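Structure assessment
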Amino acid sequence: MDSKKVELIFEKFKQSNPAPKIELNYTNDFTLLVAIVLSARTTDISVNKITKELFSITDTPEKMLGFGQSELRKCISSIGLYNSKAKNIIGLSKILIERYNSKVPTDFDDLVSLPGVGRKSANVFLNSGLGIPTLAVDTHVFRVSNRIGLVKEKDVFKTEQSLLNVVPKKYLLYAHHWLVLHGRYVCKAQKPSCETCIIHDLCEFECKRYKV
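Residues numbered from 1 in each chain as written. Predicted model: local features only at pLDDT ≥ 70, side-chain atom pairs only at ≥ 80, totals over all residues. Heavy atoms only, no water.

As for the overall build of the chain
Counting secondary structure elements, the chain contains eleven helices and zero strands. Put simply, the chain runs from its N terminus to its C terminus through helices and strands in the order α-α-α-α-α-α-α-α-α-α-α. A compact globule built from 212 residues should have a C-alpha radius of gyration of about 17 Å, and the chain, at 18 Å, falls within 12% of that. Here the chain holds 212 residues, and 47% of them are scored as buried. Across the chain, every contact between residues at least 6 apart in sequence was considered, and the portion connecting residues at least 24 apart equals 58%. For the chain, the distance from the average site of its 31 positive side-chain charges to the average site of its 22 negative ones is 5 Å. (Helix = DSSP H or I, 4+ residues; strand = E, 2+ residues; numbered from the N terminus. Rg over C-alpha atoms; globule rule 2.2 N^0.38 Å. Buried < 20%, exposed > 50% of the residue type's maximum accessible area, 1.4 Å probe, protein only. Contact = heavy atoms within 4.5 Å. Lys, Arg positive; Asp, Glu negative; His and termini not counted. Charge placed at Lys NZ, Arg CZ, Asp CG, Glu CD.)

Right, here's the structure in full:
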């Protein structure tokens, strides 16, 4: 995609929503990381329903360990992969206490070494929690960026690297959020709402459902 068109796309996103934020609810760095781990293959709405009560009693690694894997598993049983997520959250809580003085590390490599924290999750934490201009590629970002023509890649990692090259630095802090929200509410997987899309005139998707 032409760089001028890329600039126009993100400028439109900015004008529509100047400072978007993650839709997961959290109270500190630890609860943000836990919420991100819980959100894997699960909607933010579903995660927020269970964390409202959970975070009122487990907002530190020590409290999470005291809560225990069995109780945590029961608390999050309404979401997918709850068994492995409970195991990972207890595991990362132990590591945070033992290696990082109960603090969530701010280094990417340290983050991805934690149970349940992959590349996407680490980037989401760095971007949403610490305000670092990085770009996490989830299912929405992957779909939207390749569909509208920002990049043309076949996998998540290459999409991330290509986006970091094409997205102007001045938009990078919020780029992840804009693409996620666009994919979640407008450029949906099955029935994109092209008729309400603010970047319809710039989109290069061949099968746009609404013509101007």
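Still more to cover.
Overview of the layout of surface pockets
For the largest pocket, the calculated volume is near 650 Å³. Contributing to the lining of the largest pocket are 28 residues, with Ser39, Thr42, Asp44, Asp138 and Arg184 lying nearest its centre. Elements with a minimum of two residues in the lining of the largest pocket: α3 (44-57), α8 (119-130), α9 (139-148) and α11 (172-185). For the lining of the largest pocket, the element with the most residues is α11, which contributes six residues. Within the lining of the largest pocket, the residues separate by chemical class into eleven nonpolar, ten polar and seven charged. Put simply, the second largest pocket is a space of about 180 Å³. Taken together, Ala19, Pro20, Lys21, Ile22, Tyr26, Asn127, Ser128, Gly131, Leu173, Tyr174 and His177 make up the lining of the second largest pocket. Mapped by element, the contributors of at least two residues to the lining of the second largest pocket are α8 and α11. Top contributing element to the lining of the second largest pocket by residue count: α11, with three residues. (1 Å grid on protein atoms, 1.4 Å probe; cavity = no way out; pocket = protein on both sides within 12 Å on 5 of 7 lines; lining within 4 Å. Points joined across faces, edges and corners; volume = space filled by probe spheres on them. Nonpolar A, V, L, I, M, F, W, Y, C, P; charged D, E, K, R; others polar.)

Quick look at the packing of helix α1 (residues 3-16) against α11
For the pair α1 and α11, interaxial distance at closest approach is 11 Å and the crossing angle is 80°. Between α1 and α11, the angle falls in the class roughly perpendicular. Between α1 and α11, the residues in contact are Phe10, Phe13 and Lys14 and Ala175, Trp178, Leu179 and His182, respectively. Its residues placed into classes, the contact of α1 with α11 shows five nonpolar, one polar and one charged. (Axes fitted to C-alpha atoms, helices over the stretch in contact; angles between N-to-C directions. Parallel < 35°, antiparallel > 145°, perpendicular 65-115°, else oblique.)

Focus on the pattern of salt bridges
Going through the model one piece at a time under the given rule, you end up with eight salt bridges. With its nearest N and O atoms 2.8 Å apart, the salt bridge here joins glutamate 160 to arginine 119. Of this pair, glutamate 160 sits in helix α10 (residues 156-166) while arginine 119 is found in helix α8, placing the two residues 41 residues apart along the sequence. According to the relative accessible area criterion, glutamate 160 is buried, its value standing at 5%. (Salt bridge = Lys/Arg side-chain N within 4 Å of Asp/Glu carboxyl O.)

Looking at the packing of aromatic side chains
Both the distance between ring centres and the angle between the ring planes are used here to describe each pair of aromatic rings. Across all of its chains, the model carries six aromatic pairs by this definition. Between the aromatic rings of tyrosine 171 and tryptophan 178, the centroid separation amounts to 6.3 Å while the plane-to-plane angle is 65°, which identifies the pairing as edge-to-face. Residue tyrosine 171 is classed as buried on the basis of its relative accessible area, which comes to 2%. Chaining the aromatic ring pairs together yields one cluster made of Phe10, Phe13, Tyr171, Tyr174 and Trp178. It is arginine 147 that lies over the ring of phenylalanine 205; its NZ or CZ is 4.9 Å from the centre. (Phe/Tyr/Trp six-rings, centres within 6.5 Å; stacked < 30°, edge-to-face > 60°. Lys NZ or Arg CZ within 6 Å of the ring centre and 35° of its normal.)

Description of the side chain of asparagine 127
Looking at the element boundaries, asparagine 127 is found in helix α8. According to the relative accessible area criterion, asparagine 127 is buried, its value standing at 4%. One polar contact links the side chain of asparagine 127 to the main-chain carbonyl oxygen of isoleucine 132, over a distance of 2.9 Å. Excluding anything up to four places from it in sequence, asparagine 127 contacts Ile132, Pro133, Thr134, Leu172, Leu173, His176 and His177. (Polar contact = N/O pair within 3.5 Å; in protein donor to acceptor, adjacent residues only side chain to side chain.)

Regarding the environment of glutamate 195
Structurally, glutamate 195 is set in the segment after α11. A relative accessible area of 46% places glutamate 195 in the partly exposed class. Counting along the chain gives 13 residues from glutamate 195 to histidine 182, while the straight-line C-alpha distance between them is 13 Å.

Notes on empty space enclosed by the protein
Overall, the coordinates contain one cavity of 30 Å³ or more when judged by the stated rule. Cys187, Pro192, Cys194, Cys197 and Cys203 are, among the 13 residues lining the largest cavity, the residues nearest its centre.

Note that every value here comes from positions in space, so none of it alone points to a role or purpose.
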